[in-house]
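Here are the chains, one letter per residue:
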Amino acid sequence: MLILECPYCGVMADETDLHGGGEAHLKRFGPGSSDDDFETYLFHRKNPKGVHFERWRHVSGCGKWFHAARNTMTLEVYGTYPAQTYEPPKDLVAKIKKKHPEWGGYE
Amino acid sequence: MSNAVSALQGASFDGYCKVEEAGLTGMITLRGDLASDGVAKAVKAVTGAAMPGQGEVTEGAKGRVGWMSPDELLLIVDHADAAAIVEAATASLGDEHSLVVNVSDARAVYRVKGAACREVIAKLAPADTSVMQPGMLRRTRIAQIPAAFYLEDDETAVLVCFRSVAQYAFDLLKDAVEPGGEVF
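First things first, this report covers the structure right here in the doc. The model shown is predicted, which means the values in this text are computed figures rather than measured ones. (Residues numbered from 1 in each chain as written. Chains lettered and ligands numbered in written order. Predicted model: local features only at pLDDT ≥ 70, side-chain atom pairs only at ≥ 80, totals over all residues. Heavy atoms only, no water.)

A word on the packing of helix 3 (residues 117-124) of chain B against helix 4 (residues 166-176) of chain B. Residues and elements named next belong to chain B. Contact pair helix 3 / helix 4: the axes reach a minimum separation of 9 Å and the direction vectors enclose 120 degrees. In terms of orientation, helix 3 and helix 4 fall into the oblique class. Taken as a pair, helix 3 and helix 4 cross one another with a handedness that is right-handed. Where helix 3 approaches helix 4, its residues V120, K123 and L124 are matched on the opposing element by L172, L173 and A176. Its residues assigned to classes, the contact of helix 3 with helix 4 comprises five nonpolar, no polar and one charged. (Axes fitted to C-alpha atoms, helices over the stretch in contact; angles between N-to-C directions. Helix = DSSP H or I, 4+ residues; strand = E, 2+ residues; numbered from the N terminus. Parallel < 35°, antiparallel > 145°, perpendicular 65-115°, else oblique. Left-handed = near helix turned anticlockwise from the far one by under 90°. Contact = heavy atoms within 4.5 Å. Nonpolar A, V, L, I, M, F, W, Y, C, P; charged D, E, K, R; others polar.)

Residues and elements named next belong to chain B. Reading across the sheet, the five strands line up as 4-5-6-3-7 and stay open at both edges, with antiparallel pairing between neighbours. Each edge of the open sheet carries a strand with a single partner, namely strand 4 (57-60) and strand 7 (98-102). Here the strands of the sheet are splayed against their neighbours by 20 degrees on average, with no regard to which way each runs. In terms of strand pairing, strand 5 (residues 63-69) meets strand 6 (residues 72-77) through six bridges, oriented antiparallel. What sits directly across from G63, in strand 6, is V77. (Pairing = 2+ DSSP bridges.)

All names here are of chain B. Taken as a whole and assessed by the stated rule, the structure comprises 15 salt bridges over all chains. E20 is the partner of K113 in a salt bridge, and the nearest nitrogen-oxygen pair spans 2.9 Å. A residue pair is termed long-range when its members are at least 10 positions apart, and K113 in strand 8 (residues 107-113) and E20 in strand 2 (residues 18-21) qualify at 93 residues. Residue classification places K113 among the partly exposed residues on the basis of a relative accessible area of 35%. Since its relative accessible area comes to 19%, E20 is described here as buried. Salt-bridge contacts for E152 lead to R64; the nearest nitrogen and oxygen are separated by 3.8 Å. With a gap of 88 residues between them, E152 in strand 10 (residues 145-153) and R64 in strand 5 connect regions that are remote in the sequence. Classification of R64 by relative accessible area gives buried; the value is 17%. (Salt bridge = Lys/Arg side-chain N within 4 Å of Asp/Glu carboxyl O. Buried < 20%, exposed > 50% of the residue type's maximum accessible area, 1.4 Å probe, protein only.)

Rendered as structure tokens:
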């Protein structure tokens, strides 16, 4: 069972308290963008074996969206952080990098 | 004024804990910036309770205040006073960006009384109830519906859910306290 700490409530919420929202930190391409960019934004998602940044919603708790960094292979959770950001916090990225030097980094 | 009735009108069940519907309870949702002095002042003025921190519920002379999310409070007050409290809180908040709504009749409230009240909730919710102490509030789900609960004292748990699922919640709790279903 996946257990994430909600950064707003501070509680350890398990998967059944949460709702997954897919890949985090998407860059939106809206009106006026090229068809290729728009297609990428709409349909193309990362599907890594390893470190992944995701959006989750604490649906039966505070109802807020937050981000989580976890490993899709080992299910290890590296950390969670509030959604009011365009990229993962530097210290979290550094922590993951230290643990997995072979990881290509965020992006 | 219509005759107000609670969802299950005080239905109760005696198992290894006692489950009872709490009857008419005033509930007010207050949304706003919880860090602002204006909100704290309004909460203090209408309930007498201090501002709850993350995951807490505080008690004052006229009611309890629970922390529901970073921008939402639940005021639990006397049912008859709820409308007046909404007015007083709205007036006290003035121009502050906020919302105060009387949701008394949209909720059902249950009390689970008994030494094993934590265990009964734990059967239904994914929350760690063993760490719950009086003064803490947890918003979670019971079986398939959202619910929040807190402890009034070590042997009384109060559970709040939507009125539309009141019967479902009562049936769940009734099943969970069935004699012979003790876990520990």
